[in-house]
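# Descriptive analysis of the structure
If you want the building blocks of each chain, they are given just below.
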Amino acid sequence: MQHESWYQATANPSPAYAALNGDHRTDVCIVGAGFTGLSAALELAQAGRRVVVLEAERVGWGCSGRNGGQINPGPACDHATLVRQLGNSDARKVWELTVEGVGLLRRRVAEHSIDCHLKPGILLVANKARHVEELHAWQATLASLGYDQLHFLDRQQLREQLRADYQAGVVDHGGGDLHPLNYTLGLARAAAEAGTVIHERTPALAWEEEATGVRVRTADGEIHADQLLLAGNAYMGKLLPWHARRFMPIGSYIGATRPLGELAEQLIPSRMAVCDMKHLLDYYRLSHDNRLLFGGRASAYDARPERLEPAMRQRMAAVFPQLAGEGFDYLWGGKVAMTLNKAPQFGRIGERVLYAQGYSGQGVALAGLAGQLMAQVLVGRGDGFDLFARIRHVPVPPGAGLHTAVRALALLWYRLRDIR
């Protein structure tokens, strides 16, 4: 079993971007070369801005290159959460923006010829009888918002799409899945071709706002910029003040089986990505080489993947008994930034710094939208960003020990809710 991800093993060729050396001046500095940062960089470079992106590791090293690859419109929270905070009209605008975020992803794949095995359709499946009523309510809510991409499947109809024991399901034809690392590498290529300067192996150590801009310090140089975008999400570290950190980093893990050959389509005849309705959910899909990519093991601690393999195999076999004897060729993990209300967190620090984070497992399309909205603020169109920024979040107490305790309690609470 390999601890690099299957995504890394099947990554498209990509150039190495040089580390920063010396002092430089730019219009916009972006910290983080993932979905959010690269989306903002591409948008700004296309608008004629000088952009420098600082990445502590390699392009797509964080959650953008490790996630389940599932594309969904909407934030992770339910629509009622948005209505309570924003009112019906603005909650609807947030929903419509997230649908546009899926369209943005698809346009970028097409316009920049990004080879990332993008395919349409995703299944949300009901584990228990009570979930079926929730599926109907969810479909009715989105229909009231003008979204007509959902199709309900009863138990028998679902079996034609997915050979697993669920109560019912809904196909979202507006969703889909892709190879997230290859999509991220394609975004980086597009941003670089538009004029963005990317520096890998260049952690941003600190920043400070000055009278004429923002100064960002690295180990071997500095960036002086008019504006700074913090786009590191769960990996933002000390660059984000604790009072602005309204999320908890939760470990999430994915395993890739051996290539399953004809068995793959016997498991998922539709080849659609699947997500269940538990609080601590399972999500899985078939890769282009017929592996099952199975994810969802959440942890409050930085667990080593090999310690989680027995639990991951057990969960996979519970869904597909045919795979009871199967292991994983690859098993990897990463951090997901979870807010307590599961809504994303957008915000400003002072006059020159913006951040977006806390996608709560729904970031494949939402993070790209966040990057676009941050870029739009800098070119004078900040309505979308400010709308998201109105969503309120509960502060997370500072300190690694408290973080771990809160995460552990939250995960225990979710496990107990899944039992009922």
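The sections below set out a description of the structure shown in this document. (Residues numbered from 1 in each chain as written. Predicted model: local features only at pLDDT ≥ 70, side-chain atom pairs only at ≥ 80, totals over all residues. Heavy atoms only, no water.)

## Here we look at the overall build of the chain
- When you go through the chain residue by residue, the secondary structure sums to 12 helices and 17 strands.
- Whereas a compact globule of 420 residues would reach a radius of gyration of roughly 22 Å, the chain reaches 21 Å, a difference of no more than 12%.
- For the C-alpha atoms alone, the extent of the chain along its principal axes is close to 65 × 50 × 45 Å.
- Residues counted as buried form 57% of the 420 residues belonging to the chain.
- Within the chain, residue pairs in contact and separated by at least 24 positions form 75% of the contacts whose partners lie at least 6 positions apart.
- If you sum the accessible surface of the chain, you get close to 17,300 Å²; carbon and sulfur atoms cover 51% of it.
- Of the charged side chains in the chain, 45 are positive and 42 negative, and the gap between their average positions amounts to 5 Å. (Helix = DSSP H or I, 4+ residues; strand = E, 2+ residues; numbered from the N terminus. Rg over C-alpha atoms; globule rule 2.2 N^0.38 Å. Buried < 20%, exposed > 50% of the residue type's maximum accessible area, 1.4 Å probe, protein only. Contact = heavy atoms within 4.5 Å. Areas by Shrake-Rupley, 256 points an atom, 1.4 Å probe, with all protein chains shown as cover. Lys, Arg positive; Asp, Glu negative; His and termini not counted. Charge placed at Lys NZ, Arg CZ, Asp CG, Glu CD.)

## Focus: the pairing of strand β4 (residues 119-126)
- With respect to burial, β4 is a largely interior element, six of its eight residues being buried.
- Relative to strand β6 (residues 168-177), β4 is paired through seven bridges, and the arrangement is antiparallel. For Ile122, the partnering residue across the bridge sits in β6 and is Asp172.
- Bridge count for β4 against strand β12 (residues 273-276) is four bridges, and the pairing is parallel. Paired with Leu124 across the bridge in β12 is Cys275. (Pairing = 2+ DSSP bridges.)

## Comments concerning the pattern of salt bridges
- Scanning all chains against the criterion turns up 24 salt bridges.
- One salt bridge connects Glu57 with Arg201, and the closest N-O pair in it is separated by 3.2 Å. Here Glu57, found in the loop between β2 (51-54) and β3 (70-71), pairs with Arg201, found in the loop between β7 (197-199) and β8 (206-210); they are 144 residues apart in sequence, far enough to count as distant.
- In this structure, the salt-bridge partner of Glu326 is Arg258, at a minimum N-O distance of 2.7 Å. Taken together, the positions of Glu326 in the loop between α9 (305-319) and β15 (330-338) and Arg258 in the loop between β11 (248-256) and α8 (263-267) put the pair 68 residues apart, joining distant regions of the chain.
- Sharing partners across several salt bridges, the network here consists of Glu208, Glu210, Arg215 and Glu222. (Salt bridge = Lys/Arg side-chain N within 4 Å of Asp/Glu carboxyl O.)

## Observations regarding helix α2 (residues 35-46)
- The end-to-end C-alpha distance of α2 is 16 Å, a good match for the 16 Å that 12 residues give at a rise of 1.5 Å each.
- Buried residues dominate α2, accounting for 11 of its 12 residues.
- Along α2, the positions that sit buried rather than exposed are Phe35, Thr36, Gly37, Leu38, Ser39, Ala40, Ala41, Leu42, Glu43, Leu44 and Ala45.
- Immediately beyond the C-terminal end of α2, within one or two residues, lies Gly48, with a positive phi of roughly 90°. (Expected span 1.5 Å × (residues − 1).)

## Looking at unusual backbone geometry
- In this model, His117 sits at a positive phi of 55°, which is unusual for a non-glycine residue.
- Here His117 lies in the loop between α4 (88-111) and β4.
- Exposure remark for His117: the relative accessible area of 37% places this residue in the partly exposed category.
- The residue Lys342 is not glycine, and still its phi comes out positive at about 65°.
- Tracing the backbone through its elements, the reader meets Lys342 in the loop between β15 and β16 (345-349).
- Lys342 sits in the partly exposed class, given a relative accessible area of 23%.

## Describing the state of the cysteines
- Applying the stated rule across the entire model yields zero disulfides.
- Between Cys275, a cysteine without a disulfide, and Cys63, which holds the nearest cysteine sulfur, the sulfur-to-sulfur distance is 14 Å.
- A residue is classified by how much of its surface remains accessible, and Cys275, at 16% relative accessible area, is buried. (Disulfide = S-S within 2.5 Å.)

## Some thoughts on the side chain of Asn67
- Here Asn67 lies in the loop between β2 and β3.
- Within polar-contact distance, the side chain of Asn67 engages the backbone oxygen of Ser64 at 3.2 Å.
- Among the polar contacts listed, one links the side chain of Asn67 to the backbone nitrogen of Gly69, at a separation of 2.7 Å.
- Not counting residues within four places of it along the chain, the set of residues in contact with Asn67 comprises Tyr7, Phe35, Pro180, Ile254 and Val364. (Polar contact = N/O pair within 3.5 Å; in protein donor to acceptor, adjacent residues only side chain to side chain.)

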